[in-house]
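# Structure assessment
Each chain is listed here by its residues.
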Amino acid sequence: MKKYRKAGSPGIVGRACRTPDCKRTVGIWSCYGDLDKAYPPENGWPLPVTPLPRPYTIKPTDSRGLGMFAVRNIALGETIVIERPVLLQPQINVCQNWEKLEEDLELMIKFLEPKDRKKLLALHNCKPPSECRPIAGILRTNAILCYFSKSKFCPDYAGVCLDTSRVNHSCIPNSVTSFDDKTLFVELRATRDISVGEEITITYVPELGSRADRQKELQSKYYFTCTCERCTAPGVEASDERRDFVRNAAPFAYPTWLMFSDSNDANMTKHWIASMHTLLDAAEAEGLYEARCVPVRWLACTYAALGDVENFKKWASETVRTVRVLNNYTTGFFSSKDWEKWLDEPTSMPFWGEKRPSQ
């Protein structure tokens, strides 16, 4: 890796990240000094390996530029592509001082390999010239959130990938991105089965907003109107009601669990289990894979508290599958490693056979 600039406070560092043999630049960083120290240049960074043959191709869509399409059937949970961002900036830099950002970006991309620089500059820029200059527009249009737990100054970074940034938006996406700050990889995984020829999509905005809220945010940030099935098919009101229900019900899962755990009323138990199934049904009806996390985990916890091995294993398996798809190994309600251990040894769960977990 080669440092080419250091300025500002608490210290902004520019780096050209190279392969272990130092023969090729694989990415350009502009980061705070603490992040620079957390990832020493001498370590070198192996290239990510996307499954081969690649299950996708990049080609023109009917109405929204280039997009990513499946070239074969892709199963739920399958990895579609693994990439390292070729461009990385602190999120705060993407939100202000556009002229300074453009100057930085013009300098940074000179260190990219020519073919990568060409692909980067070919990415879509939805921002008008009156708002920002071209390279900053490409970054703001295509950035993927990359969270670095090791940074105290700014854990949120904006990363641009050459293929994953080509994935278009849908309010009923069939894939999800995740960033691993240990490997520095962005991974795109299928959140449902994807058929050959089908476009691969993610969501650009919070999934649980109403159609009107989603359209407003897409228009203000990306200057387009979504025409996905969920936005154009009949039944928008029912869809909005389901998403509103998921958004409002999920935060109350834990307080409601406490009511269940403190009660010996069989009807209360039935009501609690039924409410989690209702929440799960609403999330699945809307194609909101991440929203499954709340009900499947609490159903597993419920059956653990009840000492029901068969049902616990059923919902613990669902929990493990869900967090694996989301690549959610350390965050949320316990880690996937915990769930994998409990799936093998149900009685090792902290509140097995009891009525109340520690939050």
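Per chain, residues are indexed from 1 in the order of the written sequence. pLDDT decides what is reported in this predicted model: residues at 70 or higher carry local features, side-chain atom pairs at 80 or more are listed and counted, and totals for whole chains, interfaces and linings draw on all residues regardless. For side-chain calculations, the full set of non-hydrogen atoms in the structure is used, while hydrogens and water are omitted.

### Some points on the overall build of the protein chain
The condition is simple: We count a stretch as a helix when DSSP gives it H or I for four or more residues in a row; a strand needs E for two or more, and each element gets its number in order from the N terminus. Radius of gyration here uses only the C-alpha atoms, and the compact-globule reference equals 2.2 Å multiplied by the residue count raised to the power 0.38. Accessibility here uses a 1.4 Å probe with only protein chains present; expressed as a share of the type maximum, an area under 20% marks a residue as buried, one over 50% as exposed, and anything in between as partly exposed. Only heavy atoms matter for contacts: two residues are in contact if any of them lie within 4.5 Å across the pair. Surface accessibility in these figures is a Shrake-Rupley result with a 1.4 Å probe; residues are shielded only by whichever protein chains are displayed. Charged residues are defined narrowly, with Lys and Arg counted positive, Asp and Glu counted negative, and His plus the chain ends left uncounted. By convention, the charge on Lys lies at NZ, on Arg at CZ, on Asp at CG and on Glu at CD.
Helix and strand counts for the protein chain stand at 13 helices and 13 strands. Whereas a compact globule of 359 residues would reach a radius of gyration of roughly 21 Å, the protein chain reaches 22 Å, a difference of no more than 12%. Counting only C-alpha atoms, the protein chain reaches 65 × 50 × 40 Å along its principal axes. With 359 residues in all, the protein chain has 51% of them scored as buried. Residue pairs at least 24 apart in sequence account for 64% of intrachain contacts in the protein chain once pairs closer than 6 positions are excluded. Of the roughly 17,100 Å² of accessible surface on the protein chain, 53% is carried by carbon and sulfur atoms. When the 48 positive and 45 negative side-chain charges of the protein chain are each reduced to one mean point, those points stand 6 Å apart.

### Quick notes on the layout of surface pockets
Spelled out, the test is: Here a cavity means grid points, on a 1 Å grid over the protein atoms only, where a 1.4 Å probe fits yet cannot get out; a pocket means an open set of points with protein on both sides within 12 Å along at least five of seven lines; lining residues are those with an atom within 4 Å of a point. Grid points are joined across faces, edges and corners, and a volume is the space filled by probe spheres set on the points. Each residue gets one label: Ala, Val, Leu, Ile, Met, Phe, Trp, Tyr, Cys and Pro are nonpolar, Asp, Glu, Lys and Arg are charged, and the others, such as Gly, are polar.
Put simply, the second largest pocket is a space of about 450 Å³. What lines the second largest pocket is a set of 20 residues, among which Arg 24, Arg 54, Glu 83, Asp 116 and Leu 162 lie closest to the centre. Residues of the lining of the second largest pocket, tallied by class, amount to 10 nonpolar, 2 polar and 8 charged.

### Considerations on the pairing of strand S8 (residues 144-147)
Quick reminder of the rule: One requirement defines pairing of two strands: DSSP has to find at least two bridges between them.
What you see with S8 is a clean split: Ile 144 and Cys 146 sit on the buried side and Leu 145 and Tyr 147 on the side with no burial. The pairing of S8 with strand S9 (residues 156-160) spans 4 bridges and is classified as antiparallel. Bridge assignment links Ile 144 to a residue of S9, and that residue is Gly 159.

### Considerations on helix H13 (residues 336-344)
This is how the line gets drawn: Note that the arc is computed from the directions linking the helix axis to the C-beta atoms.
Those residues of H13 that sit buried are Ser 336, Trp 339 and Trp 342. In a view along the axis of H13, the buried residues occupy a sector of 125°, so they form one face of it. Opposite the packed face of H13, turned more than 90 degrees from it, sit the exposed residues Lys 337 and Asp 344. Along its buried surface, H13 packs onto helix H11 (293-305) and helix H12 (309-325).

### Here we look at the confidence of the model for the protein chain
Quick reminder of the rule: Scored from 0 to 100, pLDDT records how confident the predictor is in each individual residue.
Across the protein chain, the average pLDDT comes to 87, with 91% of residues at or above 70. Predicted confidence in the protein chain is weakest over strand S1 (residues 2-7), with a mean pLDDT of 40, and strongest over strand S13 (residues 199-202), with 98. Contacts of residues 1-9 to residues separated by more than four positions or lying in other chains number 34 contacts, the stretch itself having pLDDT below 50.

### Here we look at the sheet that holds strand S12 (residues 185-190)
Note the cut-off: Lines are fitted to the C-alpha atoms to define the axes, a helix being fitted only along its stretch in contact, and any angle between axes, read from their N-to-C directions, falls within 0 to 180 degrees.
Read across the sheet, 3 strands follow the order S6-S12-S11 without closing on themselves; strand pairing throughout is antiparallel. Looking along the sheet, the strands with just one partner apiece sit at the ends: strand S6 (79-83) and strand S11 (175-180). The sheet shows a mean angle of 15° between the axes of neighbouring strands, taken without regard to direction. Alignment of S6 against S12, held across 4 bridges, turns out to be antiparallel. Of the residues in S12, the one forming a bridge with Thr 79 is Arg 189.

### So, the sheet that holds strand S4 (residues 56-60)
In space, the 4 strands of this open sheet follow the order S4-S5-S13-S10, with mixed pairing throughout. If you trace the sheet from one side to the other, it starts and ends with S4 and strand S10 (168-169), each paired once. In the sheet, S4 pairs with strand S5 (residues 66-70) via 5 bridges, with the strands oriented antiparallel. Counterpart to Thr 57 in the pairing with S5 is Phe 69.

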